[in-house]
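Tertiary structure, described
So the chains spell out like this:
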Amino acid sequence: MLAFGPPAAAAPSPPASLCASQTAALHAVRQRVTAHNAKPHVFQVPRQSGALAAYNADAAKLKAEQAAAIANLKTCIAVMGELADSANTSLELEPLPSDLRAKIIAAKARIPASWTPPPPPSVGKNWTVKGTPVEPLWEALRYRNPPPGVGNATLRGDPRPVVGAPDPAYPRSKVFGTNADGDSKASPDHIVPLAQIVNMPGFTRLSPDSMYVVTRSPVNFQWLSDSANKSKQSRSVAGMAKADPKWKDEQVALADEVSEQLQAIIDRLLKIQG
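Residues numbered from 1 in each chain as written. Predicted model: local features only at pLDDT ≥ 70, side-chain atom pairs only at ≥ 80, totals over all residues. Heavy atoms only, no water.

Thoughts on the nonpolar core
Side chains of a nonpolar character, in soluble globular proteins, are inclined to be buried together. Residues Met-80, Leu-83, Ile-104, Phe-203 and Val-214 are the most contacted members of the largest nonpolar core, which totals 51 residues. With 10 residues, helix 2 (residues 49-84) is the single largest residue contributor to this core. In this structure, Val-214 is in contact with Leu-83, Ile-197, Phe-203, Leu-206, Ile-265, Ile-266 and Leu-269, ignoring residues within four places of it in sequence. Grouped together as the second largest cluster of nonpolar side chains are 9 residues, Val-150, Leu-155, Phe-176 and Phe-221 included. (Core = buried A, V, L, I, M, F, W, Y, C linked by side-chain atoms within 4.5 Å. Buried < 20%, exposed > 50% of the residue type's maximum accessible area, 1.4 Å probe, protein only. Helix = DSSP H or I, 4+ residues; strand = E, 2+ residues; numbered from the N terminus. Contact = heavy atoms within 4.5 Å.)

Considerations on the packing of aromatic side chains
The geometry of an aromatic ring pair is captured by two quantities: the separation of the ring centres and the angle between the planes. Under the defined criterion, the tally for this structure stands at 1 aromatic pair. Here the basic side chain of Lys-103 rests over the ring of Tyr-143, its NZ or CZ set 5.6 Å away from the ring centre. The ring of Tyr-170 carries the charged tip of Lys-174 above its face, separated from the ring centre by 4.3 Å. (Phe/Tyr/Trp six-rings, centres within 6.5 Å; stacked < 30°, edge-to-face > 60°. Lys NZ or Arg CZ within 6 Å of the ring centre and 35° of its normal.)

Notes on the packing of helix 2 against helix 8 (residues 245-272)
Orientation of helix 2 relative to helix 8, taken along the N-to-C sense of each, is 155 degrees, at an axis distance of 10 Å. When the axes of helix 2 and helix 8 are compared, the pair comes out roughly antiparallel. Crossing of helix 2 over helix 8 shows left-handed handedness. Residues Asn-72, Thr-75, Cys-76, Ala-78, Val-79, Met-80, Glu-82 and Leu-83 of helix 2 form the contact with helix 8, whose own contacting residues are Gln-261, Leu-262, Ile-265, Arg-268, Leu-269 and Ile-272. (Axes fitted to C-alpha atoms, helices over the stretch in contact; angles between N-to-C directions. Parallel < 35°, antiparallel > 145°, perpendicular 65-115°, else oblique. Left-handed = near helix turned anticlockwise from the far one by under 90°.)

Right under this line is the structure:
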């Protein structure tokens, strides 16, 4: 007889739909465990030694599969928690909506199996997707990204800047102005540009659900002034000629840190998606 083991999630869970495939895989294994346990499991030895060996071999296989499924679900929950960054960010990590799924699947299918990501651009140059096999995927993933309704969310521990506050990118010359809604002219900025993420090793092999959450993860958003955001575009802040040098150094370090974090998450997601 096989036991089900401890609950799969010991940590606070993200929305269940973010780990739907891992949850379904564990459920499927447990159904097979139940079916296995319902079979006759009393054998007369040595006459039924072969049947006993087969039963035990099946039990060992199911036990290993169950352990792997539990581990995969725990990994998914941990990864989603890391992407959500809920201790520092009030923006929620949402699952892939059905109306966008087909577009991402179609765009992914157009990428040749032989395609490999290009090397990083030189300092100050933009990451390139235009005219490349990943352009349709980039287009699909940047739809409503950043998501609408960011509003006054806290991003990486920082609330939306107030009107009149000094712009950290240009502290000696600029302050946050006022937009048409009366809020500060601040934008939720991708710390690691979306064009860079779709070119990360292994990204195009992720499932559509994983692609969606990685490219919209709250851990990768920060507040920038509109002017700084427009100047940055899809490149490193190292290419922003008039920005404050100290701020640029801090931003480069932050981008490197988040880039490494996202790459590690991509690698972990690839191992558990099956």
